[in-house]
Amino acid sequence: MTVSRLKLSQRPTMKDVAVHARVSVSTVSYVLNGTGPVSADRRARILNAVRELDYIPNESARNLKRQSASTIGLVIPDLSTQFFSLLASGAAHAAAARDVLVVLCSSESTEEAESRTARLLRSQRVDGVGNSDWLVSRKNRIGEWCFGLSLIHITEPTRRTP
């Protein structure tokens, strides 16, 4: 298979890499995951095929296999406040440094939006949820809706008057 045979709209698959490198799909998997013994020659052919095809592993497939999404949800009441904007930015930077994706959600300060957000986060199988203590103090809590997930409560600093 040559690189030009792939359609521009198609993303190369692990199978395409295997065909290009003349190895099995499991050998490609061993190299990409660092989980099995592969000769230096085959490893080089696979890594060359990955570069030539511009192959990017399918994280959704990886997540299914390891039953972890490497994703956390961050639920905040209002993106327009400086505190929560800085919080979201800091969380995204810290997570990215650990190859974790942050799904940013706004609760819109309504019970309906909080419930919808919790259902969405659970359906996406996030690994954890960060939320503001402001939400936790409400009657229907994000923590209850996200039962079974790791939960981090974030407290907005108290404003001091001079």
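Everything below is about the structure printed above this text.
Because the structure is predicted, anything quoted here is derived from the model rather than measured.

Before going further, it helps to spend a moment on the side chain of T117. Along the chain, the position of T117 falls in helix α6 (residues 111-123). Judged by relative accessible area, which is 8%, T117 ranks as buried. Apart from residues lying up to four places away in sequence, T117 is in contact with V75, C105 and S106.

Time to look at the packing of helix α1 (residues 14-21) against helix α2 (residues 25-33). Between α1 and α2, the least distance of the axes is 8 Å, while the angle of their chain directions is 105°. With respect to α2, the axis of α1 lies roughly perpendicular. Contacts between α1 and α2 pair M14, K15, V17 and A18 from the former with V25, V28, S29 and L32 from the latter. Of the residues that constitute the contact of α1 with α2, the class distribution is 6 nonpolar, 1 polar and 1 charged.

Here we take up the pairing of strand β1 (residues 71-76). Burial within β1 is extensive, with 5 of its 6 residues counted as buried. Examined bridge by bridge, β1 and strand β2 (residues 101-106) share 6 bridges and lie parallel to one another. Bridging from a neighbouring strand, T71 pairs with L101 of β2. As for the winding sense of the linkage, the β-α-β connection from β1 through helix α5 (residues 82-96) to β2 is right-handed.

This brings us to the nonpolar core. In this structure, V17, A18, A21, V23, V28, V31, V38, I46, A49, V50, L53 and Y55 together form the largest nonpolar core, which totals 12 residues. Among the secondary structure elements, those contributing two or more residues to this core are α1, α2 and α3 (40-53). Listed in part, the 7 residues of the second largest apolar core include L74, I76, L87 and V102.

Conventions used here
- Within each chain, residue numbers correspond to sequence positions counted from 1 in written order.
- For a predicted model such as this one, the threshold for reporting local features is a pLDDT of at least 70, and the threshold for listing and counting side-chain atom pairs is 80 or more; totals across whole chains, interfaces and linings nevertheless cover every residue.
- Note that water and hydrogens are dropped before the side-chain values are worked out from all heavy atoms of the structure.
- Secondary structure elements follow DSSP: runs of H or I of four or more residues count as helices, runs of E of two or more count as strands, with numbering from the N terminus.
- Categorising residues by exposure relies on relative accessible area from a 1.4 Å probe, with only protein chains included: less than 20% of the type maximum marks a residue as buried, more than 50% marks it as exposed, and the intermediate range marks it as partly exposed.
- In this analysis, two residues are considered to be in contact whenever any of their non-hydrogen atoms come within 4.5 Å of each other.
- Only the contacting stretch of a helix is used when fitting its axis, a line to C-alpha atoms as for every element, and angles between N-to-C directions run 0 to 180 degrees.
- For classification purposes, angles smaller than 35 degrees are called roughly parallel, those larger than 145 roughly antiparallel, those between 65 and 115 roughly perpendicular, and all remaining angles oblique.
- Classification convention: Asp, Glu, Lys, Arg as charged; Ala, Val, Leu, Ile, Met, Phe, Trp, Tyr, Cys, Pro as nonpolar; all other residues, Gly among them, as polar.
- Any two strands between which DSSP finds at least two bridges are classified as paired.
- A right-handed crossover is one whose linking path, passing over the helix from the first strand to the second, runs clockwise when the strands point away from the viewer.
- Side-chain atoms within 4.5 Å are what join buried Ala, Val, Leu, Ile, Met, Phe, Trp, Tyr and Cys residues into a set we call a nonpolar core.

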